[in-house]
Amino acid sequence: MLKTYYMLTKPGIILGNIVTTAGGFALASKGHLDYLLFMYTLIGLGLVIASAGVFNNYIDRAMDAKMARTKNRPLATGAIPNLNALIFGAILGIIGIFVLGYYTNVLTVLVTLTGFIVYLVLYAILKYRSFYGTIVGSIAGAVPPVVGYAAASNTLDLGALILFTIMLLWQMPHFFAISIYRLKDYSAAQIPVLPLVKGMYATKVQMLIYIIAFIVSAVSLSLAGYTGYVYGIFASLLGLSWMGLCITGFDNKDNQNTRWAYNMFVYSLVVIMGLFITMPFDTYS
């Protein structure tokens, strides 16, 4: 039973967001890491993200039952009562906000709540109504590194804006790759993702544009003096190789798109993890 509740929190998403939060915290720390504050920031935000995951499971429970990859989620199968899930999610969120409020600062709490509300209100509304829901979801997903940045520095400056932009631009081709890879599921659930609404070619063009913009934003951390050029070169190489993989998709036949999209999805994770793991080791003090 505990494992079932654990799965409600979407642990994979928590892990990914914790990595980007850590990168934002380290960037703002400029080589002088407050390890206790760092730990409480990750714990607090991790609990809030877990809360959002539980509530998202509740919101999506009917649609999840229609898709092969989500039909076994606890609320889709009825393994956990809806009320229990709501109480569990609320407890996680309250504890998380308390930890952030007590150990970090007001700005960090406000940024966290903004991401939480955008994800559970705006994204939940648009997800089933328009392909623009992907953009709104990306806004929420771009918040964690900004939370880390705010916790370490108690300020939002150009560095925080660049981090936000990097994450926002990265998520678009990442989500588009998922939507192509899982196109049958989205079609069955009648979720208006871009490939279903605008077609495969238009989606690939959008992916390429976003990746180019992502490369520019990633390298701008070095150009603006927040990181050294080792990071800048590494970011360029990762981004250009991702762009190269994206370009190969334009020659695909219909039966090749699924495999290509899966590769794009996997490599997108390599790109973002590589960036945020490298970032703290090439930060100017």
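Because the structure is a prediction, the values reported are computed rather than measured. (Residues numbered from 1 in each chain as written. Predicted model: local features only at pLDDT ≥ 70, side-chain atom pairs only at ≥ 80, totals over all residues. Heavy atoms only, no water.)

(A) Seen up close, the nonpolar core. Core analysis: the biggest nonpolar cluster contains 62 residues, and Ile 166, Met 207, Phe 214, Leu 221, Tyr 231, Met 264 and Leu 275 have the highest contact counts within it. Broken down by element, the residue count for this core peaks at 11 residues, all from helix H10 (residues 158-181). When residues no more than four places from it in sequence are discounted, the contact partners of Ile 166 are Phe 214, Ser 217, Ala 218, Leu 221, Tyr 231, Ile 272 and Leu 275. With eight residues, the next largest nonpolar core counts Ala 52, Val 118, Leu 120 and Tyr 123 among its residues. (Core = buried A, V, L, I, M, F, W, Y, C linked by side-chain atoms within 4.5 Å. Buried < 20%, exposed > 50% of the residue type's maximum accessible area, 1.4 Å probe, protein only. Helix = DSSP H or I, 4+ residues; strand = E, 2+ residues; numbered from the N terminus. Contact = heavy atoms within 4.5 Å.)

(B) Region of interest: the environment of Val 121. Tracing the backbone shows Val 121 in helix H7 (residues 106-126). C-alpha separation for the pair Val 121 and Ile 166, spaced 45 residues apart in sequence, amounts to 23 Å.

(C) Layout of the pattern of salt bridges. One pass over the structure, following the stated rule, counts one salt bridge. The salt bridge involving Lys 127 is made with Asp 60; its shortest N-O contact spans 2.9 Å. Here Lys 127, found in the loop between H7 and helix H8 (133-141), pairs with Asp 60, found in the loop between helix H3 (35-59) and helix H4 (61-64); they are 67 residues apart in sequence, far enough to count as distant. Overall, the relative accessible area of 17% leaves Lys 127 in the buried class. Under the relative-accessibility criterion, Asp 60 is labelled buried at 2%. (Salt bridge = Lys/Arg side-chain N within 4 Å of Asp/Glu carboxyl O.)

(D) The environment of Ile 97, seen in detail. Take Ile 97: it is sitting in helix H6 (residues 82-103). Through-space distance from the C-alpha of Ile 97 to that of Leu 113 is 8.3 Å; in sequence the pair is 16 residues apart. Those residues in contact with Ile 97 that lie beyond four places of it in its chain are Val 48, Val 109, Thr 112 and Leu 113.

(E) Quick peek at H8. Counting buried residues in H8 gives seven out of nine residues, a clear majority hidden from the surface. Listed as buried for H8 are Gly 133, Thr 134, Val 136, Gly 137, Ser 138, Ala 140 and Gly 141. Considering only its buried residues, H8 is in contact with helix H2 (11-29), H7, helix H9 (143-153) and H10.

(F) Region of interest: the environment of Asn 255. Structurally, Asn 255 can be placed in the loop between helix H14 (229-248) and helix H15 (257-278). Placed 245 residues apart in sequence, Asn 255 and Lys 10 show a C-alpha to C-alpha distance of 30 Å.

(G) Focus on unusual backbone geometry. The backbone of Lys 10 sits at a positive phi, close to 55°, despite the residue not being glycine. Within the secondary structure layout, Lys 10 lies in the loop between helix H1 (2-8) and H2. For Lys 10, a relative accessible area of 14% corresponds to the buried category. Although it is not a glycine, Asn 154 sits at a positive phi angle of roughly 55°. Its location among the elements puts Asn 154 in the loop between H9 and H10.

Any functional reading would require information that these geometric values do not contain.
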